[in-house]
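Spelled out, the chains give:
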Amino acid sequence: MGQVPPYAYKKQIQLTMLELGNLILNVPFMQAPLSGYSDYAMRRLARDFGAPLTFSGVMLAKSAVHPKVLRNPAFRPHDDEHPVGAQILGEDPATMAKTAVALQDVGYDLIDLNFACPTTKVLRRQRGGYLLKEPETVMHIYDQVREAVTCPVTMKLRTGFNSSQQSYDNFYRIVSEASERNIDALTIHGRTVVQKFTGDVDWNLLAEIKNHFPKTTIIGSGDLFDPQTIIHRLKVTNVDGVSIARGAVGNPWIYEGLNAVLKGEPVPARPTLAEQAEVIRRHFKGICRLYEPTLAVRYFRKFLIHYCRLHPTRKKAQKTLLAAKSKTQLLTAIEDCYVNGEA
Ligand SMILES: Cc1cc2nc3c(=O)[nH]c(=O)nc-3n(C[C@H](O)[C@H](O)[C@H](O)COP(=O)(O)O)c2cc1C
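Residues numbered from 1 in each chain as written. Predicted model: local features only at pLDDT ≥ 70, side-chain atom pairs only at ≥ 80, totals over all residues.

Student: Outline the overall build of the protein, supporting the account with residue identities and numerical values.
Tutor: If you tally the helices and strands in the protein, you get 15 helices and ten strands. Over its C-alpha atoms the protein spans a radius of gyration of 20 Å, differing by no more than 12% from the 20 Å that the globule rule assigns to 343 residues. Each principal axis of the C-alpha atoms in the protein carries an extent, and together these give about 65 × 60 × 40 Å. Burial analysis of the protein (343 residues in total) assigns 44% to the buried set. (Helix = DSSP H or I, 4+ residues; strand = E, 2+ residues; numbered from the N terminus. Rg over C-alpha atoms; globule rule 2.2 N^0.38 Å. Buried ≥ 20, exposed ≤ 12 C-beta atoms within 10 Å, placed from the backbone.)

This is the structure:
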């Protein structure tokens, strides 16, 4: 039967663990930062279902640094969810470094620097994805944050500001300089900033980047919706890990599926309606601990829309669940749709 080729050995290592500086994950995936979604309730659920690392949504550095903000439980990691990363956004290296220290001090295990956000408001203020046009600023921010904290520091990038050669050169320069400085990892969403969420994700480019920078930990992001495709992406591109974003909204089962496929087991069957109801209730309970009841019901609606994708009569279930205006009404609606078979 011959020896296992070194290539296969490398693949095996990659598909079973992921090193982000001193943080070692036993599986090569994580839950992405998701602004407006990845609060403690969603992160806790992701952990329960087997995500080895989760992230806060992006925080504006200059706001997050205020002690008053950091005293708010919504901005702090909870004791039972480590490791959890904090993602920050800003254009001023000193503020980013100060905020990184404050977030490390309140218990975050990793600091991720956002140079990817494509929203108009952020770009207008020359932050997030805009900074892909300014490799020097990106590296100043990185250097100051790296100097200031002891935990792992990573960066979230897109593949450039737009599809021009200049944009690509800037992106390549950032990857190259971050790699020379032994950054703990680069997460790359395989689209440009101007693409936002449209067009194909350039997984070929991610494979090329990994090939050019073999010693740098590269985490791929983009259109990762089901366990088999995700594992296929890992194998084919050779990236070290993947970051699960929209695929996990209303679908924490994705992590169970990934863990199963990594162990060579089949993807578990679709959760039964009773199992779905249990998880929806658990998620909602978590949200009710963070927000006052009316706000909790309103806030949870965007998750419910996604949970309904697994329901056999999706549209009807969605209508019933979204009509609920109070906590009691929502719990009754869940019972009706998932237990009493009324949707
Ligand atoms: C609602 C929403 C919020 C997001 N918030 C963040 C964020 O706070 N920080 C970040 O780096 N990326 C954020 N992203 C981008 C995702 O992390 C991810 O890179 C992107 O959605 C591509 O992955 P997907 O196609 O698998 O969803 C967000 C995406 C969505 C849809």
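Student: Any chance you could break down the nonpolar core for me, citing the residues and the numbers?
Tutor: With 91 residues, the main nonpolar core has Ile88, Ile111, Leu113, Val145, Leu157 and Leu186 as its most contacted residues. The residues touching Leu186, leaving out its near neighbours within four places in the chain, are Thr154, Met155, Leu157, Val175, Ala178, Thr216, Ile218 and Ile219. (Core = buried A, V, L, I, M, F, W, Y, C linked by C-beta atoms within 7 Å. Contact = placed C-beta atoms within 7 Å.)

Student: Could you give me a rundown of the site of the ligand, with the residues and numbers involved?
Tutor: Near the ligand there are 20 residues, and of these Ala32, Ser35, Val58, Ala245 and Arg246 occur at the shortest range. Among the residues making up the shell around the ligand, the classes are represented as eight nonpolar, nine polar and three charged. (Near = placed C-beta within 6 Å. Nonpolar A, V, L, I, M, F, W, Y, C, P; charged D, E, K, R; others polar.)

Student: Which residues make up the packing of helix α10 (residues 227-237) against helix α11 (residues 253-262), and what values go with them?
Tutor: In the contact formed by α10 and α11, the axes pass within 9 Å of each other and the chain directions differ by 55°. Looking at the two axes, α10 sits oblique to α11. Considering only the axes of α10 and α11, their crossing is right-handed. Residues Pro227, Gln228, Ile230 and Ile231 of α10 lie in contact with α11, whose contacting residues are Ile254, Gly257, Leu258, Val261 and Leu262. Taken together, the residues that form the contact of α10 with α11 break down as seven nonpolar, two polar and no charged. (Axes fitted to C-alpha atoms, helices over the stretch in contact; angles between N-to-C directions. Parallel < 35°, antiparallel > 145°, perpendicular 65-115°, else oblique. Left-handed = near helix turned anticlockwise from the far one by under 90°.)

Student: So what's going on with the confidence of the model for the protein? Residues and values would help.
Tutor: Summarising the model, the protein shows a mean pLDDT of 94, and 96% of its residues fall at 70 or more. In this model residues 1-13 is a low-confidence stretch, pLDDT under 50, and it forms two contacts with partners more than four residues away in sequence or in other chains. (pLDDT = per-residue confidence, 0-100.)

Student: Tell me about the pairing of strand β9 (residues 218-221), and name the residues and values.
Tutor: Covered by surrounding structure in β9 are Ile218 and Gly220 together with Ile219 and Ser221, the residues of both alternating faces. Across four bridges, strand β8 (residues 185-189) lies against β9 in parallel orientation. Counted as the bridge partner of Ile188 is Gly220 from β9. On the question of chirality, the crossover connecting β8 to the parallel β9 by way of helix α9 (residues 203-212) is right-handed. The sheet contact formed by β9 and strand β10 (residues 241-244) spans two bridges and is parallel. (Pairing = 2+ DSSP bridges. Right-handed = clockwise from strand over helix to strand, strands pointing away.)

Student: Lay out the pairing of strand β5 (residues 84-89) in plain terms, naming residues and giving numbers.
Tutor: Of all six residues in β5, six are buried, a share of seventy percent or more. The side-chain alternation of β5 yields two buried faces, one formed by Val84, Ala86 and Ile88 and the other by Gly85, Gln87 and Leu89. For strand β4 (residues 54-60) and β5, the ladder comprises five bridges, and the chain directions are parallel. Bridge pairing links Val58 to Gln87 in β5. In the sheet, β5 pairs with strand β6 (residues 110-115) via four bridges, with the strands oriented parallel. Note on β6: the bridge partner recorded for Gln87 is Asp112. In this view, the connection linking β5 to its parallel neighbour β6 by way of helix α5 (residues 93-105) has right-handed handedness.

Student: How would you explain helix α2 (residues 40-48) if you had to name every residue and give the values?
Tutor: Counting buried residues along α2, eight of its nine residues qualify, which places the element largely inside the surrounding structure. Where the residues of α2 are buried, they touch β3 (29-31), β4, β5, α11 and α12 (273-290).

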